[in-house]
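Okay, here's what each chain looks like letter by letter:
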Amino acid sequence: MMDKRDIGNLSEQMVILGARIYPLFRQVFKDCHPDEIAVLHILRIRGGELERKELIKNLGIDPRIVSKRVRDLLSRGLVDTYRSSSSARESIDRITEKGNREFEDIRNKMKLLLKQGFSFIGKEEQKILGSIVNQANDKIDIITAIVKQVAKL
């Protein structure tokens, strides 16, 4: 278990790292907001299309923001939106072929970044980092709940 001082130091380092990484991320992925990348990813893993309410639930962000991100993706031809046949009030979002290609380009850029950007990390450290990322992904619901609590403070 970490003591308060260790937690304080780690939290400060994570804030600074996040603040420094985000502008770098935006330089490489200047045409896509991180939320848009998440929308494309969710649509892909959910078979290519999803009801908007499920997309909102999966993203865990404000529905108005999701709608804006989908509109932005729609304007670039990366997704299509249509009304559900069972309910005219429900929208269904679908990734397009162009959206799939864009996501693959993003994935390839990320692979290149990881390959070149983390070349200074040894194999054992890479395994540890991979394990940490996998554990964080496995616990994303818990992390999301904690972030929402802290954001309300």
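Here the structure is a predicted model, which is why all the values come from computation and not from measurement. (Residues numbered from 1 in each chain as written. Predicted model: local features only at pLDDT ≥ 70, side-chain atom pairs only at ≥ 80, totals over all residues. Heavy atoms only, no water.)

Visitor: Help me understand the side chain of arginine 69 in this model?
Guide: Take arginine 69: it is sitting in helix 4 (residues 63–75). Since its relative accessible area comes to 14%, arginine 69 is described here as buried. Apart from residues no more than four positions distant in its own chain, arginine 69 is found in contact with His33, Asp35 and Glu36. (Helix = DSSP H or I, 4+ residues; strand = E, 2+ residues; numbered from the N terminus. Buried < 20%, exposed > 50% of the residue type's maximum accessible area, 1.4 Å probe, protein only. Contact = heavy atoms within 4.5 Å.)

Visitor: Would you mind going over the sheet that holds strand 2 (residues 79–83) with me for this structure?
Guide: Pairing between the strands of a sheet is mediated by backbone hydrogen bonds and can be parallel or antiparallel. Reading across the sheet, the three strands line up as 1-3-2 and stay open at both edges, with antiparallel pairing between neighbours. Edge strands, defined here as strands with exactly one partner in the open sheet, are strand 1 (49–51) and strand 2. Neighbour-to-neighbour, the strand axes of the sheet open up by a mean angle of 20 degrees, direction not taken into account. Across five bridges, strand 2 lies against strand 3 (residues 91–95) in antiparallel orientation. Pairing of aspartate 80 across the sheet is with arginine 94, part of strand 3. In the packing of helix 4 onto the sheet, the strands contacted are strand 2 and strand 3, and the crossing angle to strand 2 comes to about 115 degrees. (Pairing = 2+ DSSP bridges. Axes fitted to C-alpha atoms, helices over the stretch in contact; angles between N-to-C directions.)

Visitor: I keep staring at the environment of valine 79 and nothing clicks. Help me out?
Guide: Note that valine 79 resides in strand 2. Distance in space between the C-alpha atoms of valine 79 and leucine 59 is 16 Å, their sequence separation being 20 residues.

Visitor: Is there a simple way to think about the packing of helix 3 (residues 52–59) against helix 4 in this case?
Guide: To describe two helices that pack against each other, one gives the angle between their axes and the distance between the axes. The contact between helix 3 and helix 4 brings their axes to 10 Å, and the two run at 110 degrees. Taken together, the axes of helix 3 and helix 4 lie roughly perpendicular to each other. Our pair here, helix 3 against helix 4, has a crossing hand that is right-handed. Of helix 4, the residues touching helix 3 (which contributes Arg52, Leu55, Ile56 and Leu59) are Pro63, Val66, Ser67 and Val70. By residue class, the composition of the contact of helix 3 with helix 4 is six nonpolar, one polar and one charged. (Parallel < 35°, antiparallel > 145°, perpendicular 65-115°, else oblique. Left-handed = near helix turned anticlockwise from the far one by under 90°. Nonpolar A, V, L, I, M, F, W, Y, C, P; charged D, E, K, R; others polar.)

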